[in-house]
Each structure stands twice: as structure tokens, then as C-alpha cells.
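# Structural overview
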Amino acid sequence: MIFGAARDAFTNLFAPETRSVFWKSLGLTILVLVGLWFAIRGVFIWLALPWLDSLVPSMPEWVGWMSFILAIIAGIGLALALALLISPVTAVIAGLFLDDVAEVIEKKDYPNDPQGTAMPLAQAIPSSLKFFGIVILGNLIALMLLLVPGVNLIAFFLVNGYLLGREFFEFAAMRFRTPEDARAFRSKHGTTVFMAGLVIAAFLAIPFLNLLTPLFAASLMVHLHKSISRRDPSFTRQLGR
């Protein structure tokens, strides 16, 4: 069920019906990440460079090459910081485009099913911003765990698998259910949702392709929500409310 949803989601990335959402999602993701890069770089120049310059006069001339090494380390640090932000950025952007993605997929792949209801903007924005903070905190914890031998990348996949799986699934479910019902439905099928979240985390770890994470994750969870709903009659009564 999960791999079937992932296969359909990947196919939908390049379908003619999703082309408009594809370019909007990709363009906004790149724009936000570029803006964050310049913001992080500006903060580094403002705070770190004066401190490094103050160390130079006290150093012998033969260690001047260390400034070059420090510049490389700083560049790696900036890249890691940006990589840390990709996950929460995709979550926020998904909040803007999930309904567009879901509407296209529901009409294309489930034409005989009731169509979902878009989440009100006043509800979607606070939810996305709240999740942005949660994912930032979760990834900071995962980043610290990278220093623990034997954990490393496992922490990245577990944290993002849980957080992204939970949020994207609830986004998809709330097109058909109340927020309370969506959370209860996700909790009941938590293992399945988590496993699907791991697929999203794996997609997120692929350079360049991860820029399409919002579109892929939203599509995957729409398919997964449909599949689980059909297998769980006790909750399908909520559909088409």
C-alpha cells in the first residue's frame, strides 16, 4: 500500500494535470531556500567574521592558511544549516499547495469519490507555522545526535519520518475530516503513516530531487489516506462531510 502510493505520487510529479502546481511549488521552494541562504550568510558575516578577524593579529604569519580552512568550514556549516531547513520549508510550502495537489489527484485518480474540502486559510497558516517550529526543533535534536556514534543519519530519518509523515497525512485527512478526527485517524494507523513518512524522508535526502518534496509528500499522503480509508470502514463514514 505504501509503495503503491509512493509510485503513484512519483508518477503524478510529472503528469500534465499537476504541471502548474509542479512549477509553483518548485519555484517557491527554490526562492525561499535562496532567501534563507543569503539570510544565514548575512548573519554569519555579521556575527562570526568580526570574531575571526580579531584572532588574526595574534596569530603568527605561518598560520595564515588557517583562514582558508575556516572559510571552508564556514561554507560547510552554512550548507548544513540550509539542509536542516529544507524539511520545515517543505512543510510550510506544502500547507500552501496541498489543496491544489489534492484536488488535481482526486479528480484525476478518484473521479467517482466525493471531493475533499480545502482547509480554510485562517486555519492552514497557523498550522503550517506551528509545524515549522516543531520540525526545526526536531531537526536540531537530530543534528546533535549526529555526533553520537551509531546514531548519525538514523536520527535524521526517524525524526523526519515521524514529523513529516504525521503532518502531511493530517493535511490530507483534514480535507475529509475534522482536525480532531484527522488526528485520531492518523494515530490509529500510526505505524503505516510513520513508514510512509520514512519514504518521504528518503526522498528528502536525495539532492536536487528533494526540492520536489512538498509535491511528492502531499501526493503520497492523498493516495495513502484514500487507501487506508477504504480499508477502515469505521472511519469512512467521515468521508464527504
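Note that the coordinates shown come from a computational prediction; the quantities given were computed from them, not determined experimentally.

Okay, helix α6 (residues 179–188) next. Turning to α6, its buried residues number three or more, namely A182, F185 and R186. Projected down its long axis, α6 shows its buried positions confined to an angular sector of 100°, all on one face. Away from its buried face, by an angle of more than 90 degrees, α6 presents the exposed residues E180 and S187.

Judged by nonpolar contacts, the single largest core of 44 residues is most densely connected at F169, I200, F216, L220, M221 and L224. Elements supplying a minimum of two residues to this core: α1 (2–13), α2 (19–55), α3 (66–109), α5 (153–173), α6, α7 (190–204) and α8 (213–231). In terms of residues, this core owes the most to one element, α8, which gives nine residues. In contact with F169, other than residues within four places in its own chain, are F185, R186, V193, M221, L224, H225 and I228.

Here the focus is the confidence of the model for the chain. Averaged over all residues, the pLDDT of the chain is 76; the fraction at 70 or higher stands at 65%. Highest mean pLDDT in the chain belongs to α7 (92); lowest belongs to helix α9 (residues 233–236) (64). Across residues 237–241, confidence stays below pLDDT 50; counting only partners more than four residues off in sequence or on other chains, it has 14 contacts.

So, about α1. For α1, spanning 12 residues, the distance from its first C-alpha to its last is 17 Å, which sits close to the expected 16 Å at 1.5 Å a residue. Those residues of α1 that fall on the buried side of the exposure criterion are I2, A5, A6, A9, N12 and L13. Along the long axis of α1, the arc covered by the buried residues comes to 125°, so they all point the same way. Turned more than 90 degrees off the buried face of α1, the exposed positions are F3 and R7.

With that out of the way, let us pick up the packing of α5 against α8. Where α5 meets α8, the axes come as close as 8 Å, and the angle between the chain directions of the two elements is 65°. Crossing of α5 over α8 shows right-handed handedness. When α5 is examined against α8, the residues G165, F168, F169, A172 and A173 are found in contact with a partner set consisting of P214, A217, A218, M221, V222, L224, H225 and I228. Residues that form the contact of α5 with α8 fall into these classes: 11 nonpolar, two polar and no charged.

This part covers the packing of aromatic side chains. Following the criterion strictly, the structure yields three aromatic pairs and no others. An angle of 5° between the planes, with centres 4.2 Å apart, marks the rings of F203 and F216 as stacked. Of this pair, F203 sits in helix α7 while F216 sits in helix α8, and the two are 13 residues apart along the sequence. Residue classification places F203 among the buried positions, given a relative accessible area of 7%. The exposure class assigned to F216 is buried, which follows from its relative accessible area of 4%. Directly above the ring of F185 sits R177, whose terminal nitrogen or CZ lies 3.9 Å from the centroid. Above the face of the Y110 ring, K226 is positioned so that its terminal group lies 5.3 Å from the ring centre.

Counted according to the given criterion, the structure contains nine salt bridges. Between R7 and D8 there is a salt bridge whose closest N-O contact spans 3.6 Å. The partner of D113 in a salt bridge is K226, and the shortest N-O contact between them spans 3.5 Å. With D113 in the loop between α3 and α4 (121–145) and K226 in helix α8, this residue pair connects regions lying 113 residues apart in the sequence. For D113, a relative accessible area of 21% corresponds to the partly exposed category. Owing to a relative accessible area of 6%, K226 belongs among the buried residues under this scheme. One continuous salt-bridge network, built from bridges that share partners, spans D113, K226 and R230.

About the thresholds
- Residues numbered from 1 in each chain as written.
- Predicted model: local features only at pLDDT ≥ 70, side-chain atom pairs only at ≥ 80, totals over all residues.
- Heavy atoms only, no water.
- Buried < 20%, exposed > 50% of the residue type's maximum accessible area, 1.4 Å probe, protein only.
- Helix = DSSP H or I, 4+ residues; strand = E, 2+ residues; numbered from the N terminus.
- Arc of directions from axis to C-beta.
- Core = buried A, V, L, I, M, F, W, Y, C linked by side-chain atoms within 4.5 Å.
- Contact = heavy atoms within 4.5 Å.
- pLDDT = per-residue confidence, 0-100.
- Expected span 1.5 Å × (residues − 1).
- Axes fitted to C-alpha atoms, helices over the stretch in contact; angles between N-to-C directions.
- Left-handed = near helix turned anticlockwise from the far one by under 90°.
- Nonpolar A, V, L, I, M, F, W, Y, C, P; charged D, E, K, R; others polar.
- Phe/Tyr/Trp six-rings, centres within 6.5 Å; stacked < 30°, edge-to-face > 60°.
- Lys NZ or Arg CZ within 6 Å of the ring centre and 35° of its normal.
- Salt bridge = Lys/Arg side-chain N within 4 Å of Asp/Glu carboxyl O.

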